[in-house]
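Results of the structural survey
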Amino acid sequence: MSQDQLCAIESRLEELETRLSHPRMMTPLQVCDFLQISERALYDMKERGDAPPAIYFSQRTVRYDLHEVMAWAKQKEVGHG
């Protein structure tokens, strides 16, 4: 097995562990904890239109899908390789 294949497997295992250790539907506070950012940073990103996609059940009930947050964060990755 090549080094690239091993790295791909390791990356996939880390992703699966993350998905298993966090709730699928997250509150804004849980998203902040997951991304290790402040609530202010999340709301600033929302104001700029550069935040993970949110699901609004009502004006005061907002949730984020873990898989969508992970995909959004992956798009922000720079300089990997």
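See above for the structure.
Described in the following lines is the structure provided in the data block.

Conventions we followed
Residues numbered from 1 in each chain as written. Predicted model: local features only at pLDDT ≥ 70, side-chain atom pairs only at ≥ 80, totals over all residues. Heavy atoms only, no water. Core = buried A, V, L, I, M, F, W, Y, C linked by side-chain atoms within 4.5 Å. Buried < 20%, exposed > 50% of the residue type's maximum accessible area, 1.4 Å probe, protein only. Helix = DSSP H or I, 4+ residues; strand = E, 2+ residues; numbered from the N terminus. Contact = heavy atoms within 4.5 Å. Pairing = 2+ DSSP bridges. Axes fitted to C-alpha atoms, helices over the stretch in contact; angles between N-to-C directions. Parallel < 35°, antiparallel > 145°, perpendicular 65-115°, else oblique. Left-handed = near helix turned anticlockwise from the far one by under 90°. Nonpolar A, V, L, I, M, F, W, Y, C, P; charged D, E, K, R; others polar. Salt bridge = Lys/Arg side-chain N within 4 Å of Asp/Glu carboxyl O.

Attention now moves to the nonpolar core. Core analysis: the largest hydrophobic core is formed by 13 residues, its most contacted members being M26, F34, Y64 and V69. A total of 4 residues in this core trace back to one element, the largest contributor, which is helix α4 (residues 66-75). Setting aside residues up to four positions removed in sequence, Y64 forms contacts with R24, M25, M26, T27, P28, V31, L42, K46, P52, P53, A54 and V69.

When strand β1 (residues 25-26) meets strand β3 (residues 62-65), the two strands line up antiparallel, connected through 2 bridges. The partner of M25 across the bridge, within β3, is D65. Here strand β2 (residues 55-56) pairs with β3 via 2 bridges, running antiparallel. In the strand pairing of β3, I55 is matched with R63.

Our next topic: the sheet that holds β3. Paired through their backbone hydrogen bonds, the strands of a sheet run either parallel or antiparallel. Taken in spatial order, the 3 strands make up an open sheet running β1-β3-β2, and their pairing is antiparallel. The sheet is open, and its two edges are formed by β1 and β2, each paired on a single side. Each of β1 and β3 is contacted by α4, which is oriented at about 65 degrees to β3, the strand it contacts most.

This part takes up the packing of helix α2 (residues 28-35) against α4. At a minimum axis separation of 12 Å, α2 and α4 run at an interaxial angle of 40 degrees. By the angle between their directions, the pair α2 and α4 is classed as oblique. Relative to α4, α2 is oriented so that their crossing is right-handed. In contact with V31, F34 and L35 of α2, α4 contributes L66, V69, M70, W72 and A73. Among the residues forming the contact of α2 with α4, the class breakdown is 8 nonpolar, no polar and no charged.

Right, let's get into the pattern of salt bridges. Taken as a whole, this structure holds 5 salt bridges when the rule is applied. Residues R40 and E47 are paired through a salt bridge, measuring 3.5 Å at the closest nitrogen-oxygen approach. Between K74 and E77 there is a salt bridge whose closest N-O contact spans 3.3 Å. It is possible to trace a salt-bridge network through shared partners that takes in R40, D44 and E47.

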